[in-house]
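Structural characterization, general
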Amino acid sequence: MQLEKYLNPEQQHAAETLNGPVLILAGAGSGKTRTLTYRIANLIEHGVNPWNILAITFTNKAAGEMRSRVDDIVGYDAGSIWVATFHATCVRILRRFGDRIGYDNSFSIYDADDQKTLMRNLCKEHGIDTKKLKEKTILNVISSNKDELISPEEYDRMVGSDPVEKKIAEMYHAYQDAMKKSNAMDFDDLIVNTVKLFKNFPDVLQTYQNRFVYIHVDEYQDTNTAQFELVRLLAERNRNLCVVGDDDQSIYKFRGANIHNILDFEKNYPEAEVIKLEQNYRSTQNILDAANAVIANNKGRKEKSLWTNQGEGHKVHFRLLSNQKEEAEYIAQDISRLVRHHEARFKDCAILYRTNAQSRELEESFLMDNLSYQIVGGVNFYSRKEIKDCLAYLKTIANGQDDLMVKRIINVPKRGIGPTSVEKAQSYAANNDLSLFDAMAHAERIPGIGKAADKMLAFAEMIERLRARIADDFYDDLPEILNDVLEESGYLEDLRVSDDDEDKDRINNLDELITKAAVYEEKFAAENPESETGPTLSDFLNEVSLVADIDNVSEDQDRVLLMTIHAAKGLEFKHVYIAGMEEGLFPNDNVIFAGDDELEEERRLAYVGFTRAKEELTLTATAYRMMRGQGTCNPVSQFVREIPKKYIEGNLPQLYNPDSAFSDTESDYNRSWNRRGMADSDGGEIRSVYGNRPRPKAARPNKDIDPDQKPFAAVKSIADLKKGSAISEAGVDYGVGDRVRHIKFGEGVVTEMEQREGSTYVTVEFEKSGRRVLSAAFARLTKL
DNA sequence: GGTTGGAAACTTTTT
DNA sequence: GTTTCCAACC
């Protein structure tokens with residue numbers, strides 16, 4: 001392979017160093033994925049069996065991209081490379097060997113909601129007042145412990161005499177016991193239990209050490225201690241471990257990421273080859289210089305200097321607006337202008353922000369201007385009530401030991417089985433060492449149950465009936481299973497007879513879930529060509545438990561992406577807008593007084609955001625912002641002020657410092673700030689990061705801004721805006737009356753199209769499957 | 001056993 | 001400003 005044709009000398013070095021530990025310090029936009037892909041292709045060319053290659057990525061999207069890029073290069077046989085996220089990797093291993101550590105291979109995976117519900121129940125049992133000690137607090141401690149591989153027993157030994165800590169230690173035990181009993185694991189357990197499995201069963205570890213001869217880990221700076229240990233164990237034997245990362249892009253400390261995993265790699269692997277990739281192929285010089293200048297304020301980083309030969313490009317733009325509404329309008333109109341002048345397409349643009357809450361005003365502006373957009377993250381599709389209900393049915397069918405899921409659906413739709421009856425069933429189950437479901441399956445034995453017994457028996461029979469049908473291979477496809485569950489449980493009927501508009505949406509969402517099942521089946525068949533059977537119900541449940549919202553973003557659609565900076569990691573766009581560059585928001589309030597470490601993580605986040613931009617980077621801030629229903633008035637973010645004047649242009653001088661040019665340094669900025677008068681504050685109705693300290697009155701631009709007036713009073717609700725919006729989803733080439741084909745439902749005619757929640761929904765009258773409402777983004781209909 | 005009103009929390013980021 | 005949760009009432 002002529003690597004020199006495709007890679008620069010450093011990248012080439014990385015792609016050619018095949019044996020032993022390798023640390024690739026890859027700056028933002030330095031062609032990290034490209035290098036990894038060619039390294040894998042090169043391994044195959046050197047006779048390594050693809051089956052012996054493992055690549056762990058951060059998201060499913062990244063995994064998919066890597067696989068298809070390797071496919072493109074080697075042309076064949078890349079299918080047997082194991083490319084997956086940490087969590088997906090662990091699930092696959094645990095489905096196979098979980099019985100060794102006492103789990104059934106059909107275990108459920110709990111998301112944050114499930115964890116919280118379980119913890120709330122346990123707190124009740126243990127007499128904990130969740131007003132004083134919140135479920136979330138306990139779960140956070142438990143999660144941090146798991147990130148550090150600290151077991152409940154070890155945590156017992158660590159806690160002192162503090163009564164709260166002792167209580168938490170008690171709940172850690174209770175939580176793990178309950179999870180085990182329900183045959184369930186949370187996200188952290190997936191990693192922890194795999195490590196446990198490897199440590200206690202050397203033969204299992206050996207199986208995987210034999211298989212994974214060459215190991216790659218992407219985004220290594222974001223691994224936690226448990227993940228580090230997992231990788232260490234797998235790589236122990238062959239020591240062919242190649243990790244790629246950038247300490248400047250470590251932004252998941254709050255989730256347990258340990259930056260020392262990358263900083264101390266050479267200590268753990270003294271024979272490691274260290275390769276720095278410093279040429280940036282993404283951004284223009286001005287953007288890169290601005291980002292470099294900001295990140296240079298962090299201490300304790302690996303020294304590196306990114307450079308580019310892309311040319312100077314535009315300066316970073318800065319706009320200070322009066323309030324959120326104007327900020328959103330400014331961005332929407334700027335993108336509109338670019339598109340109108342054919343300087344960009346919608347999909348070349350992204351709007352990034354610190355918190356999900358900021359998406360609201362932006363969404364409003366996009367709806368008003370009828371621009372095509374997609375919000376990533378926020379309220380997840382899979383956390384909607386109806387979706388969780390449906391999945392709870394499926395999980396109950398797949399794993400009868402999961403009491404939490406049974407409790408969720410036992411009376412949804414209403415079956416006349418109330419809390420009292422469930423309580424009785426549960427204590428009977430506890431006394432006889434049964435699962436809640438098994439207790440209900442023999443409800444006639446439950447003392448004092450009364451006429452609820454028949455209802456429970458009917459419920460249990462329905463579940464058993466569905467379970468038996470799946471086991472007997474009565475079904476040949478997942479969509480049919482989902483449909484039957486929803487029909488036979490009466491769940492759909494309940495929604496159909498409702499006159500609530502919201503319930504109509506729920507039906508559509510459930511249809512979309514069925515579509516996702518169909519799409520998943522297709523994907524499974526494509527990835528497992530040798531498999532004679534389709535995916536199992538458990539396979540599907542894994543898939544939906546482990547998807548992130550970003551995984552659903554496809555290149556095919558022409559729309560602006562709106563997301564948090566965290567979600568944008570690893571992506572790039574020609575035009576990037578970062579909204580809300582204000583002290584208190586970004587850097588966030590929680591962090592400003594928390595300490596230097598936290599502030600440095602926030603600065604790395606700014607660095608990640610800036611370096612997403614290829615051609616133009618626009619930073620916006622507001623003088624006045626509503627947060628949690630309260631008005632705030634905060635200065636421009638220090639991360640903007642850390643950008644030297646020569647790399648940035650904008651309206652900061654007019655509004656904040658009319659006397660002089662843009663401030664060059666932090667101290668200049670503060671001086672001008674002081675000069676404008678740190679006078680009396682006006683009575684405390686305006687909060688600021690300065691807390692009770694006096695705040696500069698004149699800092700609020702006096703024109704156009706009246707903090708006492710509610711700027712959003714005239715705005716219609718998002719739901720109203722959506723209903724009134726016209727169809728503008730690009731990439732959809734069909735309309736009402738057209739004949740289309742769906743991969744699962746076959747051919748049909750489009751009868752209706754509607755824009756809701758930023759997506760286009762298409763109603764199709766299928767010849768075989770009848771009328772269905774589908775999301776245009778997911779259904780992938782082809783015009784005939 | 002289900003409905004309803006009001007209080008309280010919420011907003012940092014997520015596999 | 002919005003959502004979620006719980007107590008009191010039907």
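Residues numbered from 1 in each chain as written. Chains lettered and ligands numbered in written order. Predicted model: local features only at pLDDT ≥ 70, side-chain atom pairs only at ≥ 80, totals over all residues. Heavy atoms only, no water.

**Some points on the layout of surface pockets**
So the rule is basically this: Cavity means a closed set of points on a 1 Å grid over the protein atoms alone, one where a 1.4 Å probe fits but cannot get out, pocket means an open set with protein on both sides within 12 Å along at least 5 of 7 lines, and lining means a residue has an atom within 4 Å of a point. Grid points are joined across faces, edges and corners, and a volume is the space filled by probe spheres set on the points. Here a strand is any run of E in DSSP of at least two residues, a helix any run of H or I of at least four, and the numbering for each starts at the N terminus. All residues other than Ala, Val, Leu, Ile, Met, Phe, Trp, Tyr, Cys, Pro, Asp, Glu, Lys and Arg, Gly among them, are scored as polar; the first ten of these are nonpolar and the last four charged.
Quantified by volume, the second largest pocket comes out at close to 1,200 Å³. If you trace the second largest pocket, you find 37 residues lining it, with N121, E125, D403, K407 and Q426 closest to the centre. Ranked by residue count, the leading element in the lining of the second largest pocket is helix α6 (residues 112–125), at 8 residues. Residue composition of the lining of the second largest pocket, by class: 14 nonpolar, 10 polar and 13 charged.

**Points about the sheet that holds strand β13 (residues 573–578)**
Note: strands within a sheet are paired through backbone hydrogen bonds, in either parallel or antiparallel orientation. Put simply, the rule is: When DSSP locates at least two bridges between a pair of strands, those strands are taken to pair. Lines fitted to C-alpha atoms define the axes here, with helix axes fitted over just the stretch in contact, and angles between the N-to-C directions of these axes take values from 0 to 180 degrees. Between two residues, a contact is recorded if the distance between any of their heavy atoms is within 4.5 Å.
Spatial ordering of the open sheet is given by β11-β12-β10-β13-β14-β9-β17, a layout of 7 strands whose pairing is parallel. At either end of the open sheet lies a strand with only one pairing partner, and these are β11 (373–375) and β17 (648–650). The mean inter-strand angle of the sheet, taken between neighbouring strand axes irrespective of direction, is 20°. Along the sheet, helix α15 (residues 285–295) contacts β9 (316–321) and β14 (613–622); its crossing angle with β14, the most-contacted strand, is approximately 55°. Sitting on the sheet, helix α29 (residues 596–610) touches β10 (349–353), β13 and β14, and the angle it makes with β14 is about 130°.

**Here's the deal with the packing of aromatic side chains**
The line we're drawing: Between 30 and 60 degrees the pair is tilted, below 30 it is stacked and above 60 it is edge-to-face, where a pair is any two Phe, Tyr or Trp rings, Trp via its six-membered ring, whose centres lie within 6.5 Å. Burial classes: relative accessible area under 20% of the type maximum marks a residue as buried, over 50% as exposed, and values in between as partly exposed (1.4 Å probe, protein chains only). Should the NZ of a Lys or the CZ of an Arg lie within 6 Å of a ring centre and within 35 degrees of the ring normal, that charge is described as sitting over the ring.
Counted according to the given criterion, the structure contains 17 aromatic pairs. On the numbers, 6.0 Å between centres and 85° between planes, the contact of F97 with Y208 is edge-to-face. Of this pair, F97 sits in helix α5 (residues 86–97) while Y208 sits in helix α11 (residues 202–211), placing them 111 residues apart in sequence. Its relative accessible area of 11% is what places F97 among the buried residues. Taken together, W82, F97, F198, Y208 and F212 form an aromatic cluster joined through their ring pairs. For R255, the ring lying beneath its charged end belongs to Y252, and the centroid distance is 4.3 Å. The lysine or arginine in question, K569, covers the ring of F58, its NZ or CZ lying 4.7 Å from the ring centre.

**Quick word on the pairing of strand β12 (residues 560–564)**
In terms of residue burial, β12 counts as a mostly covered element, since 5 of its 5 residues are buried. By the bridge criterion, 3 bridges tie β11 to β12 in an arrangement that is parallel. Of the residues in β12, the one forming a bridge with Y373 is V560.

**Thoughts on the nonpolar core**
Rules: Nine residue types can take part in a nonpolar core, namely buried Ala, Val, Leu, Ile, Met, Phe, Trp, Tyr and Cys, and a core is a set of them joined through side-chain atoms within 4.5 Å.
Ranked by internal contacts, the top residues of the largest apolar core, which has 87 residues, are L394, F459 and F540. Counting residues per element, this core draws most heavily on helix α22 (residues 452–471), which supplies 9 residues. Those residues in contact with F459 that lie beyond four places of it in its chain are Y393, V406, I409, I410, R415 and F437. One finds A257, A350, V376 and L571 within the second-largest nonpolar core, a separate group that totals 46 residues.

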